[in-house]
Amino acid sequence: MAVAVASVWNTSYVSCSNKLVQFRQITNRTCPASPFLPNSAQRLLLCTQMSLNKAGIRQLKSVRLRHGFGLKCEAVYADIPVEEKNEYISKATLVWRAIKLPMYSVALIPLTVGSAAAYWQTGHCCAKRYLTLLVSSVLVIAWLNLSNDVHDFDKGADRNKKESVVNLVGSRTGTHIFACLLLALGLIGLTRVSIEAGSLRSVLLLFYAIFCGYIYQCPPFRLGYIGLGEPLCFAAFGPFATTAFYLLQSGTREFALSATAISSSLLVGFTTTLILFCSHFHQVEDDKAVGKYSPLVRLGTEVGAKVVKIAVTSLYLLLLALGLGQALPFSCVVLGVLTLPIGKLVSSFVEKNHKDKSTIFLAKYYCVRLHIAFGVALAAGLVAARLFVRKQLPHAIII
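Computed from a predicted model, the values in this text were never measured in an experiment. (Residues numbered from 1 in each chain as written. Predicted model: local features only at pLDDT ≥ 70, side-chain atom pairs only at ≥ 80, totals over all residues. Heavy atoms only, no water.)

A few points about the overall build of the protein chain
The line we're drawing: Only runs of H or I of at least four residues qualify as helices and only runs of E of at least two qualify as strands under DSSP, and these elements are numbered from the N terminus. Here's how the labels work: a residue is buried when its accessible area is under 20% of the maximum for its type, exposed when over 50%, partly exposed in between, all with a 1.4 Å probe on protein chains only. Surface accessibility follows the Shrake-Rupley procedure with a 1.4 Å probe radius. Residue values consider only the protein chains on display as shielding.
Scanning the protein chain for helices and strands turns up 18 helices and five strands. Buried residues in the protein chain amount to 49% of all 399 residues. Counting only carbon and sulfur atoms, one obtains 63% of the accessible surface of the protein chain, whose full area is about 19700 Å².

Structure follows, in structure tokens:
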């Protein structure tokens, strides 16, 4: 009988100690009382195990309660450095972060919006071409992410970044070779579609977009280290990529851009740049240590949070202005405004957590949500305008 009761007590104690791991501030908890208190050797063993697990347990002591004894556990999380807490991140979670699957929306949205603008203008869109461009774009973005990890590893910017592909794989050279292979395959796909569409100027725009990514991170340029990453990102994914996809899907051999295609590309570039800007909040100190002076390093996180708020507000004001100026169909404005709660979420999250490095890294994922939702709303508005709005389409602007 005593053994059975002691077993129940041990189960209760383990449950109590496990719950302590979830505490994020100084917390005292007393486990259920029991007349069968473990001896000092058992207490020492349990305390040692918890210390090895780095759960933040400072002491484990017995206290006398009304009907027996219990163990009082004191957990202190406030003093544990961020690097130590990061050791609790599972390998699967680190791999998921390294893959950066949500980030591949920067390949999907420019293509989708550009194709929707072409459909609004011409009334047709090639699904096969869309899929080929999507796969090729994903390959190029994969190169961009992997080579960024490689070159940041070379500069030492990723020494504390556990989800870096180079740190996970353990091979800088292997990662670099694989990234270059992906780039080659992506370029082949983009070039093939451009030749089939008879629009070599489109592939030039795509090459310009890729070149922006190269000079952003690769030697000898490394323009991202002097704070030019955001302008390059805007140009690459906005005016270059989105308009190139528009031309490839519109079927025109002329370098003709409508005001709608230009306006759509500006909005896509805007939301993509916001992702890059917010991705630097949690690594300001590491960037500064290696001489990477991103806008956030220069401004600081407090001012950066205000910039995010102004940027989100400006995004919707620009959408409204383009709608009132008839550069965009009114359906784009209506559907775009529906994403306002996500924009507000981005602003409030950054404003609240910009000083917390262990939390603010999620800001870029909130920006990805805004990027996807806003891009889908923009594309859906263009398609709806073609299907349901009876009005004369504007003349193309010949450049």
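Considerations on the environment of A289
Mapped onto the secondary structure, A289 falls in helix α12 (residues 284-289). For A289, a relative accessible area of 54% translates into the label exposed. Sequence separation of A289 and G156 is 133 residues, and the distance between their C-alpha atoms is 8.8 Å.

Focus: the packing of helix α6 (residues 127-155) against helix α10 (residues 229-250)
Rules: Axis angles are defined between N-to-C directions and span 0 to 180 degrees, where every axis is a line fitted to C-alpha atoms and, for a helix, only to the segment in contact. When describing relative orientation, an angle under 35 degrees is termed roughly parallel and one over 145 degrees roughly antiparallel, while 65 to 115 degrees is termed roughly perpendicular and anything else oblique. Note on convention: near helix rotated counterclockwise from far helix by under a right angle means a left-handed crossing. Clockwise means right-handed. Here a residue-residue contact requires only that any non-hydrogen atoms of the pair lie within 4.5 Å. Residue type decides the class: Asp, Glu, Lys and Arg count as charged, Ala, Val, Leu, Ile, Met, Phe, Trp, Tyr, Cys and Pro as nonpolar, and the leftover types, Gly among them, as polar.
At a closest axis distance of 11 Å, the pairing of α6 and α10 adopts a crossing angle of 155°. By the angle class used here, α6 and α10 are roughly antiparallel. Note on packing geometry: the crossing formed by α6 with α10 is right-handed. Listed contacts from α10 to R129, Y130, L133, S137, I141 and L144 of α6 are F237, F245, L248 and Q249. Broken down by class, the residue content of the contact of α6 with α10 amounts to seven nonpolar, two polar and one charged.

Observations concerning the state of the cysteines
Going by this rule: Throughout, disulfides are identified as pairs of cysteine sulfur atoms within 2.5 Å of each other.
One pass over the full model with this rule turns up zero disulfides. C218 forms no disulfide, and the closest cysteine sulfur to it belongs to C180, at a distance of 8.3 Å. Here C233 is not cross-linked by a disulfide; its sulfur's nearest cysteine counterpart is in C212, at 9.5 Å. Residue C233 is classed as buried on the basis of its relative accessible area of 9%.

Digging into the confidence of the model for the protein chain
Put simply, the rule reads: Across the chain, each position has a pLDDT score giving the predictor's confidence in that residue, from 0 to 100.
In the predicted model, the protein chain carries a mean pLDDT of 79, and 72% of its residues have values of at least 70. Low confidence marks residues 1-86, where pLDDT is under 50. Its contacts with residues over four positions away, or in another chain, come to 114 contacts. Every residue in residues 392-399 scores below 50 in pLDDT, and together they form 16 contacts with partners more than four places removed in sequence or on other chains.

Brief notes about the side chain of S331
Structurally, S331 is set in helix α15 (residues 330-337). We classify S331 as buried; its relative accessible area is 18%. If sequence neighbours within four positions are ignored, S331 has contacts with G381 and A385.

Digging into the pattern of salt bridges
A side chain of one charge can pair with a side chain of the opposite charge if their charged atoms are brought near each other. The line we're drawing: Salt bridges are defined by distance alone: a side-chain nitrogen of Lys or Arg within 4 Å of a carboxyl oxygen of Asp or Glu.
This structure, assessed with the given rule, holds three salt bridges. Across the pair R172 and D154 runs a salt bridge, and its minimum N-O distance is 2.7 Å. In this pair, R172 sits in helix α8 (residues 172-197) while D154 sits in helix α6, placing the two residues 18 residues apart along the sequence. What makes R172 partly exposed here is its relative accessible area of 28%. Exposure remark for D154: the relative accessible area of 38% places this residue in the partly exposed category.

Re helix α11 (residues 259-278)
Note the following rule: Each residue after the first adds 1.5 Å to the expected span of a helix.
Across its 20 residues, α11 extends 29 Å between first and last C-alpha, which sits within 8% of the 28 Å expected from 1.5 Å per residue. The buried fraction of α11 amounts to 16 of the 20 residues, a majority that puts the element mostly inside the structure.

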